[in-house]
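Chain and residue survey
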Amino acid sequence: MSDSVGSAEGVGVTGTGQDTEADNEPPQTVVPLAEVDGVLGETSEQWGPPLAKRSRPDEEELGIEQDAEPIKIHREAVTQVGLQQQDPSSPTQGALLQCEEENRGEEASGSLQCELECHQNGGHDAPLEEETQPEEDHHNNNTSSDSERQQLGLDFTQNPFMLTGSWTEFSRFEENYLKGCKWAPDGSCILTNSADNVLRVYNVPPEVYGSKWDLLPEMSPALRMAEGDTIYDYCWYPKMSSLDPHTCFIASSSRDNPVHVWDAFYGEVRASFRPYNHLDELTAAHSLCFSPDGTQLYCGFDKTVRVFYTERPGRDCEDRPTVVKKQGQSGIISCFGFSPCHSVYACGSYSRCAGLYSCQDGTLLALLPTRHHGGLTHLLFSPDGHYLYTGGRKDPEILCWDLREPGEVLFSLKRNVATNQRIYFDLDLSGRYLLSGDTEGVVSVWDTKTAPPNGSEEPLQPRLRFKAHWDCTNGISIHPFMPLLATSSGQRQFPWPSDGDSASDTEGDEAVMSLQEVRQDNALMLWWAGPLSSAAGANKEPGMAAVDT
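Rules used throughout
- Residues numbered from 1 in each chain as written.
- Predicted model: local features only at pLDDT ≥ 70, side-chain atom pairs only at ≥ 80, totals over all residues.
- Heavy atoms only, no water.
- Helix = DSSP H or I, 4+ residues; strand = E, 2+ residues; numbered from the N terminus.
- Buried < 20%, exposed > 50% of the residue type's maximum accessible area, 1.4 Å probe, protein only.
- Contact = heavy atoms within 4.5 Å.
- Areas by Shrake-Rupley, 256 points an atom, 1.4 Å probe, with all protein chains shown as cover.
- Pairing = 2+ DSSP bridges.
- Axes fitted to C-alpha atoms, helices over the stretch in contact; angles between N-to-C directions.
- pLDDT = per-residue confidence, 0-100.
- Phe/Tyr/Trp six-rings, centres within 6.5 Å; stacked < 30°, edge-to-face > 60°.
- Lys NZ or Arg CZ within 6 Å of the ring centre and 35° of its normal.
- Lys, Arg positive; Asp, Glu negative; His and termini not counted.
- Salt bridge = Lys/Arg side-chain N within 4 Å of Asp/Glu carboxyl O.
- Polar contact = N/O pair within 3.5 Å; in protein donor to acceptor, adjacent residues only side chain to side chain.
- Core = buried A, V, L, I, M, F, W, Y, C linked by side-chain atoms within 4.5 Å.

1. Thoughts on the overall build of the protein
- On a plain count of helices and strands, the protein comes out with 7 helices and 30 strands.
- Relative to its 549 residues, the protein shows a buried fraction of 55%.
- Considering only contacts within the protein whose residues lie at least 6 apart along the sequence, 59% involve residues at least 24 apart.
- Just so you have it, the protein exposes about 23,700 Å², and 48% of that area is on carbon and sulfur atoms.

2. Topic: the pairing of strand β20 (residues 376-381)
- Across the 6 residues that make up β20, a large majority, 5, are buried.
- Direction of pairing for β20 relative to strand β21 (residues 387-392): antiparallel, over a ladder of 5 bridges. When the bridges of β21 are listed, L379 appears paired with T390.

3. As for the sheet that holds strand β3 (residues 189-194)
- Here 4 strands make up an open sheet; going across it, the order is β2-β3-β4-β5 and the pairing antiparallel. The open sheet has two edge strands with one neighbour each: β2 (178-183) and β5 (223-226). Averaged over all pairs of adjacent strands, the angle between their axes in this sheet comes to 20 degrees, without regard to strand direction.
- The pairing of β2 with β3 spans 4 bridges and is antiparallel. Pairing of L178 across the sheet is with S194, part of β3.

4. Brief notes about the confidence of the model for the protein
- This prediction gives the protein a mean pLDDT of 75; 64% of its residues lie at or above 70.
- Within the model, pLDDT remains below 50 along residues 1-151, and this stretch shows 260 contacts once partners closer than five positions in the same chain are excluded.
- The model gives residues 500-516 a pLDDT under 50, and that stretch makes 18 contacts with residues more than four places away or in other chains.

5. Looking at the packing of aromatic side chains
- Inspection of every chain in the model, using the stated rule, returns 15 aromatic pairs.
- Between W213 and W528 the ring centres are 4.7 Å apart and the planes differ by 50 degrees, which places this aromatic pair in the tilted class. On the criterion of sequence distance, the pair formed by W213 in the loop between β4 (198-203) and β5 and W528 in strand β30 (residues 524-528) is long-range, its members being 315 residues apart.
- Three or more aromatic residues joined by ring pairs form one cluster here, namely Y298, F336, F338, Y345 and Y357.
- Looking at R306, its charged tip hangs above the ring of F301, at a distance of 4.5 Å from the centre.
- Stacked on the ring of Y350, the Lys or Arg R393 has its end atom at 4.1 Å from the ring centre.

6. Things to note about the side chain of R415
- Looking at the element boundaries, R415 is found in the loop between β23 (408-414) and β24 (425-427).
- Lacking a salt bridge, the buried R415 has D395 as its closest oppositely charged neighbour, with an N-O distance of 7.0 Å.
- There is a polar contact of 3.1 Å between the side chain of R415 and the backbone oxygen of I423.
- The contacts of R415, once residues within four sequence positions are left out, are G391, G392, D395, P396, I398, I423, Y424, F425, S436, G437 and W446.

7. Regarding the sheet that holds β30
- As summarised here, the arrangement of the 4 strands in space is β1-β30-β29-β28, forming an open sheet in which the pairing is antiparallel. Sheet topology places β1 (161-166) and β28 (473-478) at the edges, where each strand pairs with a single neighbour. Mean inter-strand twist for the sheet, computed between neighbouring axes without regard to direction, equals 25 degrees.
- Relative to β30, strand β29 (residues 484-489) runs antiparallel, the two sharing 5 bridges. Opposite T487, over in β30, you have M525 as the bridge partner.

8. With respect to unusual backbone geometry
- Residue E175 is not a glycine yet carries a positive backbone phi of 55 degrees.
- Looking at the element boundaries, E175 is found in the loop between β1 and β2.
- Non-glycine residue K303 carries a positive phi angle of around 60 degrees.
- With a relative accessible area of 38%, K303 lands in the partly exposed category.

9. Quick notes on the environment of L288
- Its place among the elements puts L288 in strand β10 (residues 287-290).
- Each residue touching L288, except ones within four places of it in the same chain, is listed here: D233, Y234, C235, A251, S252, S253, V259, Y298, C299 and F336.

10. What to know about the pattern of salt bridges
- Applying the stated criterion across every chain, the model contains 14 salt bridges.
- Linking R320 and E318 is a salt bridge whose minimum nitrogen-to-oxygen distance equals 3.0 Å.
- Residue D402 is joined to R404 by a salt bridge in which the shortest nitrogen-to-oxygen separation is 3.3 Å.
- According to the relative accessible area criterion, D402 is buried, its value standing at 6%.
- R404 sits in the partly exposed class, given a relative accessible area of 24%.
- What emerges from the salt-bridge pattern is a single network uniting E169, R172, D196, R200 and R224.

11. Considerations on the nonpolar core
- Residues L163, I190 and V208 are the most contacted members of the largest nonpolar core, which totals 21 residues.
- Setting aside chain neighbours within four positions, we find V208 in contact with L163, W213, L216, M482, L484 and L526.
- Membership of the second largest hydrophobic core comes to 19 residues, among which are A184, L191, M225 and W262.

Okay, structure coming up:
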């Protein structure tokens, strides 16, 4: 990594103030990635060792405390996690380590067999394969016992309980509510977005891998990456591994700024992708998503998708309009999703519809009917690639589409979404459990294998509902290979007229428009969703009560 990374701070790239990209000019100094060998950020020896993270004056003025040695903390956390996973004295470590190794093996062999089976089965195989646990994969020929699988799988016969979280970090500014959370692909850390326009990376506490969960402290971020304005979207590099720092990076898009690529080990800007409109003006992407192999970055705009090559930052990109000769998908492209088995990606837009496109040239393959009441904010493919789940803003339903018969809704999932806020949902690796929060703070868990018969479109009843937060639960993410859940909460609060005072009794507008007494909850929470053991759960009480269905 060259000295140009450190110089990015001088031009305000990583500051939280208004100086960042104020004149709509792209960053003047970024890491040249033309020397990349296969992976973004994998520079040659001429760039020298990575630079340490420096204090930022803008963040100090705003009261954001800087970690004394963020690099050391982040590296030590990764090392401690590895040592904890290999500790045979812990009652859960042997099974957890074996589960991680199995999942790594499945990534190498499962993807090819998944694609072959998709082509062989066509549209005649069962909706989902019957499995007792999400971690069981018939592609992986292993010798794990049933007891080990039962220990490692998600268990929604009882409420998950809270392990730890982060709430003090988001109480330093008024109404600093969160806007989602995402596990890293290797499961080593969590990424959050919040109203103060700062991306935070949290390491998984090493105590989680042990048995003394009653000693878990409150989590504090290992890194803070400040954008210059409202963050529209953010995503992990899909091949990210904490064992290889060159693969640890994040892409984010904010208003009036180019797409920034952040180093998730040092918190510095590695590179920028600068999209321009037809007037040659810098424009911000509304949505981001890396291709599954990580070689391309897809960015969503109004009636257009622009594709950048990860190893070639700058302004060069491929334009893929979604409307051709007044036919196609209109509106702002607000979310992306890639099929795990086919060379197909899906785009959701604020025009309340979703479209399927070819990864090769962006050709429109199918346009799904407009069934949502609001613009789409999130979508997900099932692991077998046969189904697509879509959800919208101010829309009480998540719809499940059968892609073997495009246009057919198999069933819907009811949730309470009463605002324009993006409410994420997530699927486990088997595609069996779908989880989503709502504006009331309730997390619902649906078992998709209990779906009603095809064509009925009846709402699927949740298997479990529990109160995760007192405020809106806008983000939820399932750990890649452990029964851990991450949830984020908060929403913008608006003032309401006071009930006790009339307009004649008050001296000014401030008394009339007092803040409504609401219980704000801006926090990141970590939950255990696996079977409870006497060693781990004896001294820990469940975090929230169940919600009657």
